[in-house]
Amino acid sequence: MRHLRRVDAVLGRLIDECGPYPPRSPGDPYEALIRSIMFQQLAGAAASAILGRLLGLYGADERYPTPEKLLGTTDEQFRAAGVSRQKASYLRDLAQHLQDGSLDLGALPASDDTEVIEQLTVVRGVGVWTAQMFLMFQLGRLDVLPVEDLGVRRGMQVAYGLEESPSPAEATAIGAPWSPYRSVGAWYMWRAADIRTPGT
């Protein structure tokens, strides 16, 4: 907080208005990736309902299926749960990478940010934005600035009184002084735009 206040008066005012940044306890990385895929391009309530039906396929306790169980799920079962054909293919691709060992979630905490993004984005349906959210909210990395995120850029427009949303390059320049705590700065931009934090 001291660093961010010192380098950016606008961010300092947001800290005063919104309070301290709350560190988030990580959950299961596999489950986090399944949720990320399921919530793509859907409103939160709809995605939650479909995810609940999907988990219900594997037992009343709604535990997340193992990769093996995901690979064994039929097209008909996915459709019955409301999972689109495209998302079913994404889930299977994630499960396949985990099963054959080409993606090792346990090794990601020891990898640098670039390596994590490279490893995660081999999975269909997991793009750079999803990988950045994983870095921020699953691995607790403090220096990630997702400049492709419309909420972050909208927050910059509001916080800095800009006439229009900044481009990714302009957003990168705005956030540069925040390093090595750009993840925290991004969180305050979501607050400025009054957007619920992705991944929650």
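Here, every reference points to the structure presented above.
Here is what the cut-offs are and how they apply
- All residue numbers refer to position in the chain's written sequence, counted from 1.
- Given that the model is predicted, a residue must reach a pLDDT of at least 70 before its local features are reported, and side-chain atom pairs must reach 80 or more before they are shown or counted; all residues, however, enter totals for whole chains, interfaces and linings.
- To obtain the side-chain values, all non-hydrogen atoms of the structure were included, while hydrogens and water were left out.
- Each helix corresponds to a stretch of at least 4 residues labelled H or I by DSSP, and each strand to a stretch of at least 2 residues labelled E; elements are numbered beginning at the N terminus.
- For the radius of gyration, the atoms used are the C-alpha atoms, and the globule rule reads 2.2 Å times the number of residues raised to 0.38.
- By convention a nonpolar core is built from buried Ala, Val, Leu, Ile, Met, Phe, Trp, Tyr and Cys residues, the set being connected through side-chain atoms within 4.5 Å.
- Exposure classes here rest on a 1.4 Å probe applied to the protein chains alone. A residue is buried below 20% of its type maximum, exposed above 50%, and partly exposed in between.
- Only heavy atoms matter for contacts: two residues are in contact if any of them lie within 4.5 Å across the pair.
- The rule for a salt bridge is simple: a side-chain nitrogen of Lys or Arg has to be within 4 Å of a carboxyl oxygen of Asp or Glu.
- Angles shown run from 0 to 180 degrees and are taken between the N-to-C directions of axes, each axis being a line fitted to C-alpha atoms and, for helices, limited to the stretch in contact.
- Orientation categories follow fixed angle ranges, with anything under 35 degrees roughly parallel, anything over 145 roughly antiparallel, 65 to 115 roughly perpendicular, and all other angles oblique.
- The sense of a crossing depends on the near helix, which, turned anticlockwise from the far helix by less than a right angle, makes the crossing left-handed and, turned clockwise, makes it right-handed.
- When residues are grouped by polarity, Ala, Val, Leu, Ile, Met, Phe, Trp, Tyr, Cys and Pro land in nonpolar, Asp, Glu, Lys and Arg in charged, and all others, Gly among them, in polar.

Comments concerning the overall build of the chain
Okay, so step 1: Along the backbone of the chain there are 12 helices and 0 strands.
Okay, so step 2: Element order for the chain, N to C, with α for helix and β for strand: α-α-α-α-α-α-α-α-α-α-α-α.
Okay, so step 3: Relative to its length of 200 residues, the chain is compact, with a C-alpha radius of gyration of 18 Å against a globular reference of 16 Å.
Okay, so step 4: Overall, the C-alpha framework of the chain stretches about 55 × 35 × 30 Å when taken along its three principal axes.

Considerations on the nonpolar core
Okay, so step 1: Ile34, Leu54, Val83, Leu91, Leu94, Leu120 and Tyr188 are the most contacted members of the largest nonpolar core, which totals 53 residues.
Okay, so step 2: Of the residues forming this core, the biggest block, 7 residues, is contributed by helix 12 (residues 182–192).
Okay, so step 3: Residue contacts for leucine 120: discarding those within four places in its chain leaves Leu33, Leu103, Leu105, Leu108, Val126, Ala131 and Phe134.

Section: the pattern of salt bridges
Think of it this way: side chains of opposite charge can pair up when their charged atoms draw near.
Okay, so step 1: Applying the stated rule across the entire model yields 6 salt bridges.
Okay, so step 2: The closest approach of N and O atoms between aspartate 93 and arginine 124, which form a salt bridge, is 3.4 Å. Taken together, the residues span a long stretch of sequence, with aspartate 93 in helix 7 (residues 85–99) and arginine 124 in the loop between helix 8 (113–120) and helix 9 (128–138) at a distance of 31 residues.
Okay, so step 3: With a relative accessible area of 11%, aspartate 93 lands in the buried category.
Okay, so step 4: Looking at arginine 124, the relative accessible area reads 45%, which means it is partly exposed.
Okay, so step 5: Arginine 182 serves as the salt-bridge partner of aspartate 143, at 2.9 Å between the closest nitrogen and oxygen. In this pair, aspartate 143 sits in the loop between helix 9 and helix 10 (150–160) while arginine 182 sits in helix 12, placing the two residues 39 residues apart along the sequence.
Okay, so step 6: The class of arginine 182 is partly exposed, set by a relative accessible area of 23%.

Let's talk about the packing of helix 3 (residues 29–38) against helix 9
Helices that pack against each other are described as a pair by the angle of their axes relative to one another and the distance between those axes.
Okay, so step 1: Close contact between helix 3 and helix 9 brings their axes to 11 Å; oriented N to C, the two are set at 140 degrees. Relative to helix 9, helix 3 is oriented oblique. Along this stretch, helix 3 crosses helix 9, giving a crossing that reads as right-handed. Contacts between helix 3 and helix 9 involve Pro29, Ala32, Leu33 and Ser36 on the former and, on the latter, Thr130, Phe134 and Gln138.
Okay, so step 2: Counted by class, the contact of helix 3 with helix 9 contains 4 nonpolar, 3 polar and no charged residues.

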